[in-house]
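Remarks on the overall topology
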Amino acid sequence: GIALPGEEFRPEEKMIQRDFLYLLAKADYAYIDLEDEEKLYGYLTSRGIIKEEEKAPEKFVTKEEAIKYIIRALNYEEIAELTDIFKDIFEDSKDISEELKGYVAIAYGLKIVEGDKGKLYPKTEIKREDGAVLIYNYLLNSK
């Protein structure tokens, strides 16, 4: 029952923030209509999944941003913020935003994300299929 509205999934299309967060809210057992953006973001903000200043519904989501939202949904933000306790896991760890290294390490440890030949490509804008895989891994490995 976790899907985007519409007849087609369009897996190769880049994923915008609103769509990714809608799937995450659905995975979080929220019953919110994607068309009601105000309620969607109100719910996400109240849960601490997104901060008001991060709201950009039409912006493409990068892999590290998607991971950040998932780790917040798991209520691990306080731990993820302890960036000095995490080691670099991926060959391109230097490309991960410093403040998000803990989020990535936790997501890796929980098997929510894995590398591609040793790399994460954290700044890559995710496709809809990538977003769906992250949500699936979130549901499978972290509940």
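Owing to the predicted nature of the structure, the values given are computational and were not obtained by experimental measurement.

A look at the overall build of the protein chain
Check the secondary structure of the protein chain and you find 6 helices and 0 strands. Reading the helices (α) and strands (β) of the protein chain from amino to carboxyl end gives α-α-α-α-α-α. In terms of C-alpha radius of gyration, the protein chain reaches 14 Å, essentially the compact-globule figure of 15 Å for 143 residues. The C-alpha extent of the protein chain, read off along each of the three principal axes, is 40 × 30 × 25 Å. A buried classification covers 45% of the 143 residues belonging to the protein chain. Partitioning the intrachain contacts of the protein chain with sequence separation of at least 6 by distance along the chain shows that 65% fall at a separation of at least 24. Total accessible area on the protein chain is roughly 8,000 Å²; 50% of this is exposed by carbon and sulfur atoms. When the 22 positive and 32 negative side-chain charges of the protein chain are each reduced to one mean point, those points stand 3 Å apart.

Thoughts on the pattern of salt bridges
Considering all chains together, one arrives at 18 salt bridges under this definition. Across the pair Asp 28 and Arg 47 runs a salt bridge, and its minimum N-O distance is 2.7 Å. A residue pair is termed long-range when its members are at least 10 positions apart, and Asp 28 in the loop between α1 (17–27) and α2 (37–46) and Arg 47 in the loop between α2 and α3 (63–73) qualify at 19 residues. Asp 28 sits in the buried class, given a relative accessible area of 12%. Of the charged contacts, one joins Glu 65 and Lys 59 as a salt bridge, the two residues approaching to 2.7 Å between their closest N and O atoms. Linked through salt bridges whose partners overlap, the residues forming this network are Lys 51, Glu 54, Lys 68, Arg 72 and Glu 77.

Here's the deal with helix α5 (residues 101–109)
Because an α-helix completes one turn every 3.6 residues, residues spaced three or four positions apart along the sequence face the same direction. For α5, the buried fraction is high: 7 of the 9 residues fall into the buried class. Restricting attention to buried positions, one finds in α5 the residues Lys 101, Gly 102, Tyr 103, Val 104, Ala 105, Ile 106 and Ala 107. Packing partners of the buried residues in α5 comprise α3 and α4 (77–80). In the stretch just after α5, Lys 111 is the one whose phi turns positive, near 65 degrees.

Brief notes about the packing of α1 against α2
The N-to-C vectors of α1 and α2 enclose an angle of 60 degrees; their axes lie 11 Å apart at closest approach. With respect to each other, α1 and α2 are oriented oblique. Where α1 crosses over α2, the handedness of that crossing is left-handed. Of the residues in α2, those touching α1 at Gln 17, Arg 18, Leu 21, Tyr 22 and Ala 25 are Glu 37, Leu 40, Tyr 41, Tyr 43 and Leu 44. Grouping the constituent residues of the contact of α1 with α2 by class yields 7 nonpolar, 1 polar and 2 charged.

Brief notes about α3
Taken across its 11 residues, α3 has 11 buried, putting it largely inside the fold. Residues of α3 that are buried: Lys 63, Glu 64, Glu 65, Ala 66, Ile 67, Lys 68, Tyr 69, Ile 70, Ile 71, Arg 72 and Ala 73.

Side note on the packing of aromatic side chains
For the structure on display, the rule yields 1 aromatic pair. Ring geometry for Phe 90 against Tyr 108: centres 5.4 Å apart, planes inclined by 80 degrees, an arrangement best described as edge-to-face. One end of the pair, Phe 90, is in the loop between α4 and α5; the other, Tyr 108, is in helix α5, and 18 residues separate them in sequence. A relative accessible area of 38% means that Tyr 108 is categorised as partly exposed. Above the plane of the ring of Phe 9 lies Arg 128, whose end atom (NZ or CZ) is 5.5 Å from the centre.

Quick word on the confidence of the model for the protein chain
Per-chain confidence: the protein chain averages 92 in pLDDT, with 94% of residues scoring 70 or above. Across the protein chain, the secondary-structure element scoring lowest on mean pLDDT is helix α6 (residues 128–142), at 92, and the one scoring highest is α3, at 97.

Parameters and conventions
Residues numbered from 1 in each chain as written. Predicted model: local features only at pLDDT ≥ 70, side-chain atom pairs only at ≥ 80, totals over all residues. Heavy atoms only, no water. Helix = DSSP H or I, 4+ residues; strand = E, 2+ residues; numbered from the N terminus. Rg over C-alpha atoms; globule rule 2.2 N^0.38 Å. Buried < 20%, exposed > 50% of the residue type's maximum accessible area, 1.4 Å probe, protein only. Contact = heavy atoms within 4.5 Å. Areas by Shrake-Rupley, 256 points an atom, 1.4 Å probe, with all protein chains shown as cover. Lys, Arg positive; Asp, Glu negative; His and termini not counted. Charge placed at Lys NZ, Arg CZ, Asp CG, Glu CD. Salt bridge = Lys/Arg side-chain N within 4 Å of Asp/Glu carboxyl O. Axes fitted to C-alpha atoms, helices over the stretch in contact; angles between N-to-C directions. Parallel < 35°, antiparallel > 145°, perpendicular 65-115°, else oblique. Left-handed = near helix turned anticlockwise from the far one by under 90°. Nonpolar A, V, L, I, M, F, W, Y, C, P; charged D, E, K, R; others polar. Phe/Tyr/Trp six-rings, centres within 6.5 Å; stacked < 30°, edge-to-face > 60°. Lys NZ or Arg CZ within 6 Å of the ring centre and 35° of its normal. pLDDT = per-residue confidence, 0-100.

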